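Observations on the model geometry
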Amino acid sequence: MSHFDLIVIGAGPGGYVAAIRAAQLGLKVACVEKESALGGTCLRVGCIPSKALLESSAKYHEAKEDLAVHGIKATSVKFDLKTMLARKENIVSELTGGIDFLFKRNKVSRYQGLASFVAANEIQVGEETLTAKNILIATGSKSSNLPNVEMDDDIIGDSTTALSYSKVPKHLVVIGAGVIGLELGSVWQRLGAEVTILEYLPRILPGMDEEIAKEAQKLFKKQGLNFELGVKVTGVQKEGKEAIIQLEGKDPVKADRVLMAVGRKPNTEGLNLEMIGLDTDKRGFVPVDEHFQTSVKGVYAIGDVIGGAMLAHKAEEEGIACVEQMVKGYGHVNYRAIPGVVYTEPEIASVGYTEEELNASQRAYRKGLFPYLANGRAKALGHTEGKVKILADAVTDRVLGVHIIGARAGDLIAEAAIAIEFGASAEDLARSSHAHPTLAEIIKEAALAVDKRAIHI
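So, on to the sheet that holds strand 22 (residues 399–406). As a general point, the strands of a sheet are linked pairwise by backbone hydrogen bonds and lie either parallel or antiparallel. Strand order in the open sheet formed by five strands is 18-19-22-21-20, and the pairing between neighbours is antiparallel. Strands at the two margins of the open sheet, each flanked by one partner only, are strand 18 (340–342) and strand 20 (365–371). Between one strand axis and the next, the sheet turns through 10° on average, direction left out of account. Bridge analysis of strand 19 (residues 347–352) against strand 22 gives six bridges, and the strand direction is antiparallel. Paired with Ala349 across the two strands is Ile404, which belongs to strand 22. Contacting strand 19, strand 20, strand 21 (387–393) and strand 22, helix 7 (residues 210–223) runs over the sheet at an angle of about 5° to strand 22.

Looking now at the pattern of salt bridges. Charged atoms that come close allow side chains of opposite charge to pair. This structure, assessed with the given rule, holds 26 salt bridges. Taking the shortest distance from any N to any O, the salt bridge between Asp209 and Lys389 comes out at 2.7 Å. Residue Asp209 is found in the loop between strand 10 (194–199) and helix 7, and its partner Lys389 is found in strand 21; the two are separated by 180 residues along the sequence. With its nearest N and O atoms 3.1 Å apart, the salt bridge here joins Arg363 to Asp393. You can see Arg363 sitting in the loop between helix 9 (355–360) and strand 20 and its partner Asp393 sitting in strand 21, a full 30 residues away along the chain. A residue is classified by how much of its surface remains accessible, and Asp393, at 9% relative accessible area, is buried. Here the residues in one salt-bridge network are Asp209, Glu211, Glu215, Glu355, Lys367, Lys387 and Lys389, joined through shared partners.

This paragraph deals with the packing of aromatic side chains. Enumeration according to the criterion identifies three aromatic pairs in this entry. Judged by centre distance (6.1 Å) and plane angle (85°), the rings of Phe4 and Tyr111 are edge-to-face. Remark: Tyr111 occurs in strand 3 (residues 109–112) and Phe4 occurs in strand 1 (residues 2–9); sequence separation between them is 107 residues. Note on Tyr60 and Phe79: the rings are 4.9 Å apart at their centroids and 70° apart in plane angle, and the pair reads as edge-to-face. Within this pair, whereas Tyr60 is found in helix 3 (residues 47–66), its partner Phe79 is found in the loop between helix 3 and helix 4 (81–105), the two being separated by 19 residues in sequence. Here the basic side chain of Lys28 rests over the ring of Phe4, its NZ or CZ set 5.1 Å away from the ring centre. When the ring centre of Tyr353 is taken as origin, the NZ or CZ atom of Arg336, which lies over that ring, is 3.7 Å away.

Strand 19 sits mainly inside the fold: six of its six residues count as buried. As judged from the three bridges shared by strand 18 and strand 19, these two strands associate in the antiparallel manner. Paired with Val342 across the strands is Ile348, a residue of strand 19. If you look at the hairpin formed by strand 18 and strand 19, you'll find four residues sitting between the two strands.

Scoring rules and cut-offs
- Residues numbered from 1 in each chain as written.
- Predicted model: local features only at pLDDT ≥ 70, side-chain atom pairs only at ≥ 80, totals over all residues.
- Heavy atoms only, no water.
- Pairing = 2+ DSSP bridges.
- Helix = DSSP H or I, 4+ residues; strand = E, 2+ residues; numbered from the N terminus.
- Axes fitted to C-alpha atoms, helices over the stretch in contact; angles between N-to-C directions.
- Contact = heavy atoms within 4.5 Å.
- Salt bridge = Lys/Arg side-chain N within 4 Å of Asp/Glu carboxyl O.
- Buried < 20%, exposed > 50% of the residue type's maximum accessible area, 1.4 Å probe, protein only.
- Phe/Tyr/Trp six-rings, centres within 6.5 Å; stacked < 30°, edge-to-face > 60°.
- Lys NZ or Arg CZ within 6 Å of the ring centre and 35° of its normal.

Below is the structure:
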């Protein structure tokens with residue numbers, strides 16, 4: 001039996017970051033991960049590999065469609081899917097190996113296997129028994145499914161399956177118009193697949209600012225993505241090498257690949273939570289207080305398994321706040337300052353309140369908009385589609401929300417997140433010098449537009 005100050009269950013972004021930070025703070029730490037590779041869903045079969053394929057497919061599309069305007073003639077452009085997939089796997093391998101190195105450098109003891117609670121301070125991992133003063137659950141989430149849909153991880157699969165298709169589908173049907181469905185749908189559409197996205201709600205990107213989502217849908221349709229919104233999938237059946245997607249009140253749709261992208265659910269399988277009297281809520285999430293403490297003393301939880309935005313960086317912030325609370329007595333996460341990014345073309349990024357949330361709460365606000373089309377750097381890049389929207393309190397001018405659709409939105413949103421974290425006003429952004437020519441000037445101009453004094457429009 002081995003004893004630790006802290007045992008972290010799960011080596012995804014929340015878990016491995018929490019383990020490293022706890023070790024930095026002087027705790028004796030163990031991290032248990034059931035997979036052979038560290039990094040969790042995000043690094044192994046999520047954020048990182050999907051971005052690798054998005055980048056590769058974007059470069060192929062650019063070479064085929066967009067270079068001529070720059071005076072670059074690329075004839076007979078082809079792609080090698082095996083090379084793309086191998087590059088993706090190499091990136092994942094390097095990064096998972098990097099976490100292994102960080103564990104060794106910080107003296108975090110690693111255990112591979114499925115952790116199961118024996119007591120509030122004791123878990124079983126295979127033949128090993130581990131005890132600790134505190135145990136942190138960071139087991140993340142897994143793909144959700146629909147009733148009457150049986151996935152075979154081949155013709156009908158989730159995002160993990162869609163990251164490794166051996167050939168480009170003729171017709172890919174994506175069920176769900178959220179981040180995962182749009183990103184992976186974009187990958188395979190760029191490589192030549194016909195892509196149809198089915199969504200139960202009457203809009204894409206549920207939860208994001210509706211004005212931005214509407215503009216995104218128009219741009220995606222121009223690129224060739226097909227949308228069927230407000231449709232209910234009642235079942236999916238395999239017929240030979242095809243799938244038949246049944247729709248309520250509509251004709252069925254045929255496809256050679258189906259991607260289930262209907263969200264994610266908490267992963268507590270095998271933890272044996274009932275042994276320690278820890279109940280999940282009706283959706284399967286582990287309830288915690290403001291310090292990530294569960295109802296069982298000494299047992300904490302963070303990340304996807306506790307709900308909220310299912311984002312890797314949100315889990316990281318929670319992991320650090322949780323262990324700092326254990327050691328220092330204080331840890332905090334400002335959830336309104338956590339950005340979200342969709343890595344499509346163009347990118348979409350958001351932080352803070354949406355316009356719909358502000359209207360629902362009857363909070364008075366002012367809005368500033370500025371288009372990419374009026375920015376010199378965007379013109380030089382050849383990416384002029386999109387805009388920045390800033391929402392500021394009508395009385396205090398404090399920045400409440402920033403929403404971006406356009407080139408490199410995922411990088412630009414960092415400035416907005418910092419503004420919200422520090423309680424900055426739109427005037428603060430407007431008065432701060434932004435280098436010229438840069439895309440960041442669009443944020444400055446949008447901030448000026450809050451007070452109706454944008455310069456370049």
